[in-house]
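The chain contents come next:
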Amino acid sequence: GCQYHWFGSHKQTSGEDQMKVLALLSKFRSCRVWIDWSKEVEPNLTGMMDGVRHSDMFVLFLSKDVSDSYYVRLELEQAVRQRKPIVMVQERDQKNGKAFHGWTGKYAPWYAKYFGGCFTSIKYERKEAAVGIMMDALLGRKMEQSQARIDSNVFYANMEKDLLYPETLKFVETKVRLDSPKSWLVASALRLTFGDGNYTFEECIKHIDDEKVERIVKDCRLEGMEAIKFRKEIAAVMGVQGLDRKS
């Protein structure tokens, strides 16, 4: 196994308290957990990426506006790159105003369309009688045999059927020359704008307008030469010069 049993990913404003409970209950069962408030970890980007890599499982807490979190998105990308078993724990309590309402934020991944029915999903419980059942579902058996592993393999198989994303990632890495994990974020944002259909990367990119390009620049936090290079390479594929006017 890995250094940690699971890595906890959550939006602080709506999921931090619940994730602390999950981490504490897991520790009571002798499980090591990577959680950003722990004194045992480095809560920076490098520490987060390493934490995902060295965890057996990725636990994503679904709460209000989780898909508006830049860092949750990067953590999820790393988990997908590492083909980690993913478990989603969902906040459904409407009373506290923190319930999850779907992948509607600016950092929603292009592959969210494959999530339905492909991940082990657990309802976050507060009642004492149901908490034990929740933790049994979360921790389960050894990961190689767990439902989380089986469910996640279905997701990865579906995702890898998409032929357009590899072309998009190749463009971002070789032409724009962005390093991971930011390259993953930009490629995913581009892929999301393309929609579905049997089209090539070149055909799709021709429908990217200035507004969409600038939204990706802003949301993916491209700065300086990163932003300039991105605009120019998009324009080069389109065969126009309009998109480099902000360089």
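Residues numbered from 1 in each chain as written. Predicted model: local features only at pLDDT ≥ 70, side-chain atom pairs only at ≥ 80, totals over all residues. Heavy atoms only, no water.

Q: Help me understand unusual backbone geometry in this model?
A: Most of the time, phi is negative for any residue but glycine, and the peptide bond is trans. Residue Pro-181 follows Ser-180 across a cis peptide bond; omega there is 5°. Of note in this structure, Asp-65 is not a glycine but carries a positive phi near 65°. One can find Asp-65 in the loop between strand E3 (55-62) and helix H3 (70-81). Accessibility expressed as a relative area gives 39% for Asp-65, which makes it partly exposed. (Helix = DSSP H or I, 4+ residues; strand = E, 2+ residues; numbered from the N terminus. Buried < 20%, exposed > 50% of the residue type's maximum accessible area, 1.4 Å probe, protein only.)

Q: Explanation requested: the packing of aromatic side chains in the structure shown.
A: Under the criterion given, the structure shown has 18 aromatic pairs. Between Trp-110 and Tyr-111, the aromatic rings sit 5.6 Å apart at their centres with planes inclined by 75°, giving edge-to-face as the arrangement. Between Trp-110 and Tyr-165, the ring centres sit 5.1 Å apart and the planes meet at 25°, which makes this aromatic pair stacked. Highlighted residues: Trp-110 in the loop between strand E4 (86-90) and strand E5 (120-123) and Tyr-165 in helix H6 (residues 164-176), separated in sequence by 55 residues. Judged by its relative accessible area of 5%, Trp-110 is buried. Grouping aromatic residues by their ring pairs yields a cluster made of Phe-100, Trp-103, Trp-110, Tyr-111, Tyr-114, Phe-115, Phe-119, Phe-155, Tyr-156 and Tyr-165. The ring of Trp-37 is capped by Lys-20, whose NZ or CZ atom sits 5.7 Å from the centre of that ring. The ring of Tyr-70 has Arg-221 lying over it, and the distance from NZ or CZ to the ring centre is 3.9 Å. (Phe/Tyr/Trp six-rings, centres within 6.5 Å; stacked < 30°, edge-to-face > 60°. Lys NZ or Arg CZ within 6 Å of the ring centre and 35° of its normal.)

Q: Honestly, the pattern of salt bridges in this entry has me stumped. Any pointers?
A: For side chains of opposite charge, pairing can occur when their charged atoms come near one another. Under the definition given, this model contains 14 salt bridges. Measuring nitrogen to oxygen at the nearest pair gives 2.6 Å for the salt bridge that ties Arg-53 to Asp-50. Of this pair, Arg-53 and Asp-50 both sit in helix H2 (residues 45-53), three residues apart, roughly one helical turn. Note on Arg-53: relative accessible area 33%, which makes it partly exposed. Look at Asp-50 and you get partly exposed, because its relative accessible area is 31%. The salt bridge involving Arg-81 is made with Glu-77; its shortest N-O contact spans 3.6 Å. (Salt bridge = Lys/Arg side-chain N within 4 Å of Asp/Glu carboxyl O.)

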